[in-house]
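# Residue-level structural notes
Below, each chain spelled out in residue letters.
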Amino acid sequence: HRDLHVRSRRQRTMCIRDRSRDRKNYDEMLYHNKTSKEFYRKLKRYKSVFEMNVQVAVSYDYLNQDEKSKKIYLETKQMIPKYNIKDASSLYQNFATLYKKVGVSDSALFYYEKAQKTFKAKDDLERLIVNYNNLGNLYIDLDNDEKALSNLNKSLLLQKQVRDLSLIHISEPTRRS
């Protein structure tokens, strides 16, 4: 369990100001992602439209508009056969993260594993590190310590291999009482 810290009025005000700034940045990110998507659509650069659509969904996720994010991810998923998208791993990884956030663990697991197949096939170690880390945190939430440790250890071993310890984050468990 986390320790609770009492914040001063000034700290609370700064925290609210920071959240407001973050919100403004995410709103701007959403605007620019939507604008870029339309630009690529006009150029008929459909792989870029696909990637920008993923970023639009990520923007909604950051803004805690989970239903809009999910809707955009599902629309983006339909683009895979339509635009002959060969690598949809960014969609799968981000969709999994949204599902984990909203507590739909089976879907999160499905999409993390789907993304992982592509990361392994492409030998994309940096994204594989994050994927193993995310799976480890998901398994913590699911009270599966064996699989959690296995995935977190794989992530750490790969980090040593690429010599970058900045790629992961171990989250607080969200176990239900």
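These numbers come from a predicted model, not from an experiment.

This part is about the pattern of salt bridges. Here the structure, examined in full by the defined rule, presents nine salt bridges. Notably, a salt bridge pairs Lys24 with Glu28, separated by 3.2 Å at the nearest N-O pair. Of this pair, Lys24 and Glu28 both sit in helix α1 (residues 9-42), separated by four residues, roughly a single helical turn. You can call Glu28 partly exposed: its relative accessible area is 37%. A salt bridge links Lys122 to Asp87; its shortest N-O distance comes to 3.1 Å. One end of the pair, Lys122, is in the loop between α5 (105-121) and α6 (125-141); the other, Asp87, is in the loop between α3 (66-82) and α4 (89-101), and 35 residues separate them in sequence. If you follow the salt bridges from partner to partner, you end up with Asp87, Lys122, Asp124 and Arg127 in one network.

Looking now at the side chain of Asp61. With respect to the helices and strands, Asp61 occurs in helix α2 (residues 46-62). When sequence neighbours within four positions are dropped, the list of residues in contact with Asp61 reads Asp66, Ser69, Leu98 and Lys101.

Take the packing of α3 against α4 next. The interhelical angle for the contact between α3 and α4, taken along N-to-C directions, is 150°, at an axis separation of 11 Å. One element, α3, and the other, α4, form an angle in the roughly antiparallel class. For the crossing formed where α3 meets α4, the hand is left-handed. Side by side, α3 and α4 meet where Asp66, Ser69, Lys70, Tyr73, Leu74, Thr76, Lys77 and Ile80 of the first sit next to Leu91, Tyr92, Asn94, Phe95, Leu98, Tyr99 and Lys101 of the second. Tallied by class, residues from the contact of α3 with α4 come to eight nonpolar, three polar and four charged.

Inspection of the secondary structure assignment puts Leu158 in helix α7 (residues 145-162). Each C-alpha atom, one on Leu158 and one on Tyr132, is 9.5 Å from the other, the two residues being 26 residues apart in sequence. Beyond its immediate stretch of four places on either side in the chain, Leu158 contacts Leu125, Leu128, Ile129 and Tyr132.

This part is about α4. Over its 13 residues, α4 runs 18 Å from end to end, which matches the ideal 18 Å to within 8%, given 1.5 Å per residue. For α4, the complete set of buried residues consists of Ser89, Ser90, Leu91, Tyr92, Gln93, Phe95, Ala96, Leu98 and Tyr99. Where α4 is buried, its residues contact α2, α3, α5 and α6.

Right, let's get into unusual backbone geometry. Unusually for a residue other than glycine, Asn64 sits at a positive phi of about 60°. The topology assignment puts Asn64 in the loop between α2 and α3. Despite not being glycine, Asn84 has its phi angle at roughly 55°, a positive value. By the secondary structure assignment, Asn84 is in the loop between α3 and α4.

Calculation rules
Residues numbered from 1 in each chain as written. Predicted model: local features only at pLDDT ≥ 70, side-chain atom pairs only at ≥ 80, totals over all residues. Heavy atoms only, no water. Salt bridge = Lys/Arg side-chain N within 4 Å of Asp/Glu carboxyl O. Helix = DSSP H or I, 4+ residues; strand = E, 2+ residues; numbered from the N terminus. Buried < 20%, exposed > 50% of the residue type's maximum accessible area, 1.4 Å probe, protein only. Contact = heavy atoms within 4.5 Å. Axes fitted to C-alpha atoms, helices over the stretch in contact; angles between N-to-C directions. Parallel < 35°, antiparallel > 145°, perpendicular 65-115°, else oblique. Left-handed = near helix turned anticlockwise from the far one by under 90°. Nonpolar A, V, L, I, M, F, W, Y, C, P; charged D, E, K, R; others polar. Expected span 1.5 Å × (residues − 1).

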